[in-house]
Amino acid sequence: MGARERLVVVGGDAGGMSTASQARRLRGPGDLEIIAVERGSYTSYSACGIPYLIAGDVSPVDALVARKPREFREKQDIDVRIRHEATDIDLDRREVVVRDLGDGSDRRLSFDQLVVATGALPTRPDLPGIDLDGVYGVQTLDDGAAVLAALESRPRRAVVVGAGYIGLEMAEALVRRGLEVTVVEAGPAPMATLDPDVGGLITDAMRGMGIEVRLEDPVRGIDGDSRVGAVVTEAATLPADLVILGLGTRPNSELARAAGIACGPTGGIVTDTRMQSPAHQGVWAVGDCVESRHLVSRRPVHVALGTHANKQGRVAGINIGGGDATFPGVLGTAVTKVCDLEIARTGLSSREADDAGFPAVSATIESTTRAGYFPGAEAITTKVIAEPGSGRLLGAQIVGRDGAAKRIDVLAAALWNSMTVDQIIGMDLSYAPPFAPVWDPVLVAARKAAGVVADTARR
């Protein structure tokens, strides 16, 4: 019997451990040795759950962990080494240099197959004071645990820099913890992936929750001695005991780039549809460190979501295991919640359509989540973006209360299948007064968009 093949996985969260688990299902321990190294303290956790951990909806920290290192070792014979950081990849020698963060020692791990799953990093602008104590990015479960520890000192005032998904979710979490919260955003509206008219609805809702929202007010620096004391914007100095960076993420791809693994215009690692590096046989990348292909714009994008990481890990694991699977691309479908306001989007925004060279028209409607007469009916705003002429759906956005956000999945499915707004109107969606009006808001928005497309054609 020949020597076992070795798979080394760099990164122990969704993408990396999905790959390892899938490969193990297809290849037994006698055929494939699997070693996974993770620089943090946790494996296979829900990063998306961190704001709800901070808010107190979830407790303790371990509640967000799907599987611990011991479980991987005992149930799947996957050697998981936490607090171990890959510091260098030598593609010629097919080795990874790994540092034990406990004792500082280095060792070289040889590999036959390598999976890079290093995730993403919070965007940290080059500002004075950005590295002061009390300034937190929130990307890993260790980050979440650090914020929880900071809350034990009972801070009174928090400033969230940036109004992306994590910024808004953390603003809500901190308000619910009783802090005075200010959100500072350089742009004209929160959530740049939404159109400004839809983003304006979020601004109104946040202010209604007692969150101070400062738009078009770029941050110039963070004041403090050893610890944060204030955030300085273009227009004001905002006292702060705690600062959260909500400026989005960037691919953590420097390790791969330094090894000569190609990265694309988004900064993410380039892979083929099988999640393999095109130039390096047996070198794979999955999760938030890679760039994906947007199925509407056909352009490379970086979308850091656990849904994609898990799917990409499954694809890579099947291929490493001897099967054949592909990852087709992404639509950028996402949902979030700020207190009782649900927010959802898929495909291209109007700005993104313009940037991609697509002519676009849009239609926005106001409706209710249930039959208007039924108790609990809530307001919902639905915006549909379509291509004039063909009427092909390009994107959609939804803002509303209970029962609003998951309607985006209907539009994502339509977008996945290149449907036109006329075709969406005819979709057989469910109806009963406790769940929807006779004409679901999705259908009403599609009908209005179809009218705009027709009007445009007549001009």
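The coordinates are above.
As the structure is a prediction and not an experimental result, all values here were calculated from the model.

Caption draft 1: Layout of the overall build of the protein chain. Looking only at helices and strands, one finds 12 helices and 25 strands in the protein chain. Expected size for 459 residues packed as a compact globule is a radius of gyration near 23 Å; at 23 Å, the protein chain falls within 12% of this value. With the C-alpha coordinates aligned to their principal axes, the bounding extent of the protein chain is approximately 70 × 55 × 40 Å. The 459 residues of the protein chain split such that 54% are buried. Expressed as a percentage of contacts within the protein chain between residues at least 6 apart in sequence, the contacts between residues at least 24 apart total 63%. With an accessible surface of roughly 19500 Å², the protein chain has 49% of that area assigned to carbon and sulfur atoms.

Caption draft 2: Inspection of unusual backbone geometry at higher detail. Of note, the amide linkage connecting Ser59 to Pro60 takes the cis form, showing an omega dihedral of -5°. Relative to the helices and strands, Pro60 is located in the loop between helix H2 (50–55) and helix H3 (69–76). Even without being glycine, Arg154 reaches a positive phi, approximately 55°. Take Arg154: it is sitting in the loop between helix H4 (141–151) and strand E10 (157–161).

Caption draft 3: Molecular detail of the sheet that holds strand E22 (residues 341–347). Here we have five strands laid out as an open sheet, ordered E21-E22-E25-E24-E23, and antiparallel in their pairing. Of all the strands in the sheet, just strand E21 (334–338) and strand E23 (361–368) have a single pairing partner and so form its edges. Between one strand axis and the next, the sheet turns through 15° on average, direction left out of account. Across seven bridges, the pairing between strand E24 (residues 379–386) and strand E25 (residues 393–400) is antiparallel. Across the sheet, residue Thr382 finds its bridge partner in E25, namely Ile398.

Caption draft 4: Examining the packing of helix H1 (residues 14–26) against helix H8 (residues 306–320) more closely. In contact at an axis separation of 7 Å, H1 and H8 are set at 35° when each is read in the N-to-C sense. The hand of the H1/H8 crossing is right-handed. Contact residues: H1 offers Ala14, Gly15, Ser18, Thr19, Gln22, Ala23 and Leu26, while H8 offers Ala309, Asn310, Gly313, Arg314, Ala316, Gly317, Ile318 and Ile320. Of the residues that constitute the contact of H1 with H8, the class distribution is seven nonpolar, seven polar and one charged.

Caption draft 5: Region of the structure containing the side chain of Ser253. For Ser253, the location among the structural elements is in the loop between strand E17 (249–251) and helix H7 (254–259). Residues in contact with Ser253, not counting those within four places in the same chain, are Cys263, Gly267, Ile269 and Cys289.

Caption draft 6: Region of interest: helix H10 (residues 408–416). Turning to H10, its buried residues number three or more, namely Ile408, Leu411, Ala412, Ala414 and Leu415. Buried positions in H10, seen along its axis, are confined to an arc of 160° and lie on one side of it. Tucked into the core, H10 has its buried residues touching E21, E22, E24, E25, helix H11 (421–425) and helix H12 (441–458). Of the residues trailing H10, Ser418 is marked for its positive phi of about 55°.

Criteria and thresholds
- Residues numbered from 1 in each chain as written.
- Predicted model: local features only at pLDDT ≥ 70, side-chain atom pairs only at ≥ 80, totals over all residues.
- Heavy atoms only, no water.
- Helix = DSSP H or I, 4+ residues; strand = E, 2+ residues; numbered from the N terminus.
- Rg over C-alpha atoms; globule rule 2.2 N^0.38 Å.
- Buried < 20%, exposed > 50% of the residue type's maximum accessible area, 1.4 Å probe, protein only.
- Contact = heavy atoms within 4.5 Å.
- Areas by Shrake-Rupley, 256 points an atom, 1.4 Å probe, with all protein chains shown as cover.
- Pairing = 2+ DSSP bridges.
- Axes fitted to C-alpha atoms, helices over the stretch in contact; angles between N-to-C directions.
- Left-handed = near helix turned anticlockwise from the far one by under 90°.
- Nonpolar A, V, L, I, M, F, W, Y, C, P; charged D, E, K, R; others polar.
- Arc of directions from axis to C-beta.

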